[in-house]
Amino acid sequence: MTVDQAAPPGAAPPRDERPVTPVTSATGPRTRPRTGPELVPVVPVSAGRRSAPRWLRRAVVPVFLLALWQVMSASGALESDILASPGSIARTAWTLLSDGTLPSAMFVSLQRVAVGLAVGVLAGVLLALTSGLSRLGEDLVDPVVQMLRSVPWVGVIPLFIIWLGIGEAPKIALISLGVAFHLYLNVYAGIRGVDAQLVEAGTSLGLGRWGLIRHVVLPGALPGAMTGLRYSLATAWLALVFGEQVNADDGLGFLMNQAREFFRTDVIVVCLVVYAVLGLLADFIVRTLERLLLQWRPTFTGQ
């Protein structure tokens, strides 16, 4: 109450209209004015729910499909000439592992993929840097690459056989060709997708051309390069399947060709599973490398 609103003499003092909260003390209950709103803890709706572990949720559908596959094979609805049962495939895989056939084939295929991937990555990155960092390089390189990219790379196998023979060279060249195109597109898009304001900021800080490329352009293009590497690995395994059809005397493709001639669907499925596992392992390695190199980039991981 202000001086202008002073109560007349003999009037009762004004009452405090704030709500009071009872307080218990040693002498008995008493009251005190409430100093603020009462805080109520907020509990998320999902806090009381118990969800299954993530690995269990991810395994539900594959386990169900395997069980259905086994039941159909056991009941005769799915004949072994069409597709072998999971149990038969597991026994065949164990036999191939025990006699050393599968490890030897895997080693040869991994060598081909490693060499082809190295050549393709080197070629794709160099072409992307030439085209992405220079307008002159873009005018000279990009049209040729786009034309070659439109040609089905599997269709050049006869030319590779004529040019390079029937040894390891056409297989490695086919893998390198498929890898280079994917990596070129993603690295080039990553370079051209760098924010121009970052380049201006680097120029304002005194960075020269090579300083801008090293500290601004290449780190900004790194996410695109990692995505391109993941696509390239998948293409490398796909190219390996086609490449090992060309007069191969060892490798996973050689095993699949032999199994096709004798209608061994169990061996074919074992080779396909090995392809899938090796591809998944390679993708896991790239994703781990991506998390290490791109720690500065906040990403959405799902809810």
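Anyway, here's the lowdown on the structure attached to this text. What you are looking at is a predicted structure, and each value in this text was computed from that prediction instead of being measured.

A short note on the overall build of the protein chain
Then, number 1: Each helix and strand in the protein chain was counted, giving ten helices and two strands.
Then, number 2: When the helices and strands of the protein chain are read in sequence order from the N terminus, they spell out β-β-α-α-α-α-α-α-α-α-α-α.
Then, number 3: Relative to its 303 residues, the protein chain shows a buried fraction of 32%.
Then, number 4: Within the structure as shown, the protein chain displays about 20,500 Å² of accessible surface, and the carbon and sulfur contribution to it stands at 66%.

Section: unusual backbone geometry
Then, number 1: Even without being glycine, Phe263 reaches a positive phi, approximately 55 degrees.
Then, number 2: Along the chain, the position of Phe263 falls in the loop between helix H9 (252-261) and helix H10 (265-293).

Observations regarding the pattern of salt bridges
Then, number 1: One pass over the structure, following the stated rule, counts five salt bridges.
Then, number 2: A salt bridge links Arg112 to Glu244; the nearest nitrogen and oxygen atoms lie 2.8 Å apart. Here Arg112 is found in helix H3 (residues 101-133), whereas its partner Glu244 is found in the loop between helix H8 (209-243) and H9, with 132 residues between them in sequence.
Then, number 3: In this structure, Arg264 engages Asp266 in a salt bridge whose closest nitrogen and oxygen atoms are separated by 3.0 Å.
Then, number 4: Taking the relative accessible area as the measure of exposure, Arg264 reaches 38% and is therefore partly exposed.
Then, number 5: A relative accessible area of 8% means that Asp266 is categorised as buried.
Then, number 6: It is possible to trace a salt-bridge network through shared partners that takes in Arg112, Glu168 and Glu244.

What to know about H8
Then, number 1: Over its 35 residues, H8 extends only 42 Å from the first C-alpha to the last, a length that falls short of the 51 Å expected when each residue adds 1.5 Å.
Then, number 2: Along its length, H8 reaches its greatest deviation from straightness, about 40 degrees, at Leu222, and the proline Pro223 lies no more than four positions downstream.

Let's talk about a nonpolar patch on the surface
Then, number 1: A cluster of nonpolar residues, Trp55, Leu56, Val60, Val61, Phe64, Leu65, Leu68 and Met72, forms a patch on the protein surface that exposes about 810 Å² of accessible area.
Then, number 2: Relative to the elements of secondary structure, Leu65 occurs in helix H1 (residues 54-75).
Then, number 3: Classification of Leu65 by relative accessible area gives partly exposed; the value is 49%.

Some thoughts on the side chain of Ser109
Then, number 1: The topology assignment puts Ser109 in helix H3.
Then, number 2: At a separation of 3.1 Å, a polar atom in the side chain of Ser109 contacts the main-chain amide nitrogen of Leu252.
Then, number 3: Contact partners of Ser109, with chain neighbours within four places excluded, come to Leu240, Glu244, Gly251 and Leu252.

Considerations on a positive patch on the surface
Then, number 1: A cluster of basic side chains, namely Arg54, Arg57, Arg58, Arg287 and Arg291, defines a positive patch on the protein surface.
Then, number 2: Of all the secondary structure elements, the ones that give two or more residues to the positive patch are H1 and H10.
Then, number 3: With three residues, H1 is the single largest residue contributor to the positive patch.
Then, number 4: Structurally, Arg58 is set in helix H1.
Then, number 5: Assessed through its relative accessible area of 59%, Arg58 is described here as exposed.

Procedures and definitions
Residues numbered from 1 in each chain as written. Predicted model: local features only at pLDDT ≥ 70, side-chain atom pairs only at ≥ 80, totals over all residues. Heavy atoms only, no water. Helix = DSSP H or I, 4+ residues; strand = E, 2+ residues; numbered from the N terminus. Buried < 20%, exposed > 50% of the residue type's maximum accessible area, 1.4 Å probe, protein only. Areas by Shrake-Rupley, 256 points an atom, 1.4 Å probe, with all protein chains shown as cover. Salt bridge = Lys/Arg side-chain N within 4 Å of Asp/Glu carboxyl O. Expected span 1.5 Å × (residues − 1). Bend = angle between axes of the 7 residues up to and from the residue. Patch = residues over 30% accessible without salt bridge, like charges linked within 9 Å, V, L, I, M, F, W, Y side chains within 5 Å. Polar contact = N/O pair within 3.5 Å; in protein donor to acceptor, adjacent residues only side chain to side chain. Contact = heavy atoms within 4.5 Å. Lys, Arg positive; Asp, Glu negative; His and termini not counted. Charge placed at Lys NZ, Arg CZ, Asp CG, Glu CD.

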